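# Summary of the model geometry
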Amino acid sequence: MAESWAGFYKHKTVLVTGHTGFKGSWISMWLKRLGAKVIGYALDPPTMPSLYNLCKVNDMVTNIKGDVRDYEHLHWAIKNYQPEIVFHLAAQALVRRSYQEPLATYATNIMGTANLLEAMRKSPVVKAAVIVSSDKCYENQEWLWGYRENDPIGGSDPYSSSKGCTELIVGAYLKSYFPAAQYGKHGMALATARAGNVIGGGDWAKDRIIPDCVRAFIEQKPVSIRSPHAIRPWQHVLEPLGGYLLLAQKLYQSGSDYTGAWNFGPRDDDIKTVKWLVQYISGLWGEANSWITDEGSHPYEANYLMLDCSRAQKQLGWRAQWNLELALGKTVQWYKAYYSHADMLKISLEQIAAYERQLNGNLPGKI
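The structure contained in this document is the topic of the report that follows. Since we're looking at a predicted model, the values are computed, not measured. (Residues numbered from 1 in each chain as written. Predicted model: local features only at pLDDT ≥ 70, side-chain atom pairs only at ≥ 80, totals over all residues. Heavy atoms only, no water.)

Relative to the helices and strands, A195 is located in strand β6 (residues 189–195). Judged by relative accessible area, which is 4%, A195 ranks as buried. When residues no more than four places from it in sequence are discounted, the contact partners of A195 are K23, S134, D135, Q235, P240, Y244, F264 and L307. (Helix = DSSP H or I, 4+ residues; strand = E, 2+ residues; numbered from the N terminus. Buried < 20%, exposed > 50% of the residue type's maximum accessible area, 1.4 Å probe, protein only. Contact = heavy atoms within 4.5 Å.)

Along the chain, M344 turns up in helix α14 (residues 344–362). When the C-alpha atoms of M344 and S290 are compared, they prove to be 28 Å apart, with 54 residues separating the residues in sequence. When near neighbours in sequence (up to four residues on either side) are disregarded, M344 contacts L54, C55, W334, A337 and Y338.

The next point concerns the sheet that holds strand β5 (residues 128–132). Reading across the sheet, the 7 strands line up as β3-β2-β1-β4-β5-β6-β10 and stay open at both edges, with parallel pairing between neighbours. The strands lining the two open edges of the sheet, one partner per strand, are β3 (62–65) and β10 (260–264). Across this sheet, the average inter-strand angle for adjacent strands is 20°, counted without regard to direction. Sheet strands in contact with helix α4 (residues 71–81) are β1 (13–17), β2 (37–42) and β3, and its direction is about 160° off that of β3. Set on the sheet, helix α7 (residues 158–176) makes contact with β5, β6 and β10; between it and β6 the angle comes to about 160°. (Pairing = 2+ DSSP bridges. Axes fitted to C-alpha atoms, helices over the stretch in contact; angles between N-to-C directions.)

Using the criterion set out here, one finds 18 aromatic pairs in the structure. For the pair W204 and Y335, a centre-to-centre distance of 5.7 Å together with 85° between the ring planes defines the contact as edge-to-face. Of the two residues, W204 sits in the loop between β7 (197–199) and α9 (209–219) while Y335 sits in helix α13 (residues 324–339), which places them 131 residues apart along the sequence. Just as W204 is buried, Y335 falls in that class too. (Phe/Tyr/Trp six-rings, centres within 6.5 Å; stacked < 30°, edge-to-face > 60°.)

In structure tokens, the structure reads:
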């Protein structure tokens with residue numbers, strides 16, 4: 001499948017919003033490796049250090065410093081650079097920060113998405129767009145089974161509800177401006193992608209478990225855990241990104257058959273507790289690390305969450321490749337290389353290449 005990507009993305013102009021972030025930097029590097037002309041639209045990197053700066057992503061893309069809340073600038077960027085494919089990753093992506101900054105979260109995640117959709121609607125060039133959403137867009141019932149794409153949308157906190165609203169806005173644009181039945185007329189294929197909790201090298205965000213662990217290891221302090229028994233669908237960042245790349249290709253080539261919502265989650269046996277994750281990564285790090293429960297007052301977060309990825313498996317031929325143990329191994333390898341002052345672009349591209357080899361060996365059929 002990776003060979004197919006190389007042929008498909010070569011010389012195509014691709015816009016990535018949020019390209020300075022964690023997932024945005026990874027997919028920008030991957031697209032550049034596949035031969036795409038990458039246009040990035042984002043604010044400055046959200047953390048220091050950042051994957052974007054360490055891997056010199058700025059040298060690989062046409063960088064446009066911009067805010068998705070600024071419709072006129074976003075419209076100018078699309079009109080000026082004329083991307084054929086769009087990956088929308090720009091977002092306020094932290095649950096706890098959304099409690100502190102609800103208006104900024106809603107403005108970025110809801111109106112930022114609406115601005116992009118409207119700018120794309122006025123472009124005669126954009127043919128396919130993947131709007132990156134979240135597994136937290138679902139109305140969480142604490143079910144013991146995975147949420148499917150047609151389950152109710154909801155959200156009990158500002159971040160989750162903002163992603164639920166994102167889904168509703170995309171659905172409205174699909175029905176109002178890009179209906180499948182009229183694809184031959186408008187030529188625009190639009191989808192949302194809902195992924196679980198991603199891990200991987202280069203994430204330094206506050207209040208995310210892997211960066212919190214790494215910081216604690218380096219400072220030789222116990223890892224502080226808010227909810228040790230909370231269960232999450234952990235997966236390496238390359239897993240959903242591979243799904244986004246495949247989905248965009250299908251949207252571009254086949255249009256209306258692939259519009260709508262898609263789940264990209266890990267294998268069922270990789271649905272683990274926070275406590276398990278911390279204990280496993282502590283062992284991989286190779287030192288006497290410990291953890292403590294943060295007994296302070298914390299805002300509500302879901303206890304149990306998993307995705308049903310049957311649609312992606314059956315219609316796209318996509319499935320998770322790296323089990324959680326391997327994903328954590330790759331993550332620890334990346335951070336240890338960073339603290340050893342290695343060439344992080346080289347390390348990151350090697351991990352992408354390893355993931356592509358796994359895809360070619362395990363995914364059946366032709367894309």
